[in-house]
Amino acid sequence: MLTSLKQKLVELELYLLKSDVRSSPAELDLLIHEDFHEFGASGASFGKREVLECLPKEKCPNFCATSFELIMLSEDLAQLRYRATMKKQDEFTVRYSLRSSLWKLNEDIGEWQMIFHQGTYCEQF
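Residues numbered from 1 in each chain as written. Predicted model: local features only at pLDDT ≥ 70, side-chain atom pairs only at ≥ 80, totals over all residues. Heavy atoms only, no water.

**Examining the UniProt feature "domain: DUF4440" (unreviewed entry) in the protein chain**
Selection rule: UniProt positions are given in the numbering used here, feature names are shortened, and annotations may be inferred rather than shown by experiment. A run of H or I in DSSP becomes a helix once it reaches four residues, and a run of E becomes a strand once it reaches two; helices and strands are each numbered from the N terminus.
Per the UniProt record, "domain: DUF4440" (unreviewed entry) is annotated on residues 11-114. For residues 11-114, the end-to-end C-alpha separation is 12 Å, with 23% helix and 49% strand making up the annotated structure.

Structure representation (structure tokens):
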């Protein structure tokens, strides 16, 4: 059970890092919980409304995510921890971060949705 859930949540996390998904308010609306909140690596804090308004307008960086860990917090709440590299399209610098996402099972639709995310810049790994 946990292996298949981990695989599903990793797939959802990677899906959210894709350019065509990040540029689609409809796709983002399905994947992000109504009570979503994020603490960005920049120190900014925002919710679902800001994500749906701003993210589709941004140039999507190139991401590489690895070292996923799944921690079950309850039957309907899971934490996914991982490492990511990010390179913005107009920059040469690769940024490294430790990331944490909380995924909540939305029983109304029978799907997992991201309810919280935090990315923290770190040293190269």
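**Overview of the packing of aromatic side chains**
Put simply, the rule is: We call Phe, Tyr and Trp rings a pair once their centres come within 6.5 Å, taking the six-membered ring for Trp, and we label the pair stacked below 30 degrees between planes, edge-to-face above 60, and tilted otherwise. Exposure categories follow from relative accessible area, calculated using a 1.4 Å probe and restricted to protein chains: below 20% of the type maximum is buried, above 50% is exposed, and the middle band is partly exposed.
Applying the stated criterion to the full structure yields 3 aromatic pairs. Between Phe 68 and Tyr 82 the ring centres are 4.8 Å apart and the planes differ by 25°, which places this aromatic pair in the stacked class. With Phe 68 in strand S3 (residues 62-74) and Tyr 82 in strand S4 (residues 77-87), the pair connects residues that are 14 residues apart, well separated along the chain. The class of Tyr 82 is buried, set by a relative accessible area of 4%.

**Concerning the state of the cysteines**
Defined as follows: Defined by distance alone, a disulfide is two cysteine sulfur atoms within 2.5 Å.
Tallied over the entire structure, the rule returns 0 disulfides. With no disulfide of its own, Cys 60 lies 13 Å from the sulfur of Cys 64, the closest cysteine sulfur. When its relative accessible area of 10% is taken as the criterion, Cys 60 is described as buried. Here Cys 122 is not disulfide-linked; the sulfur of Cys 64 is the nearest cysteine sulfur, at 13 Å.

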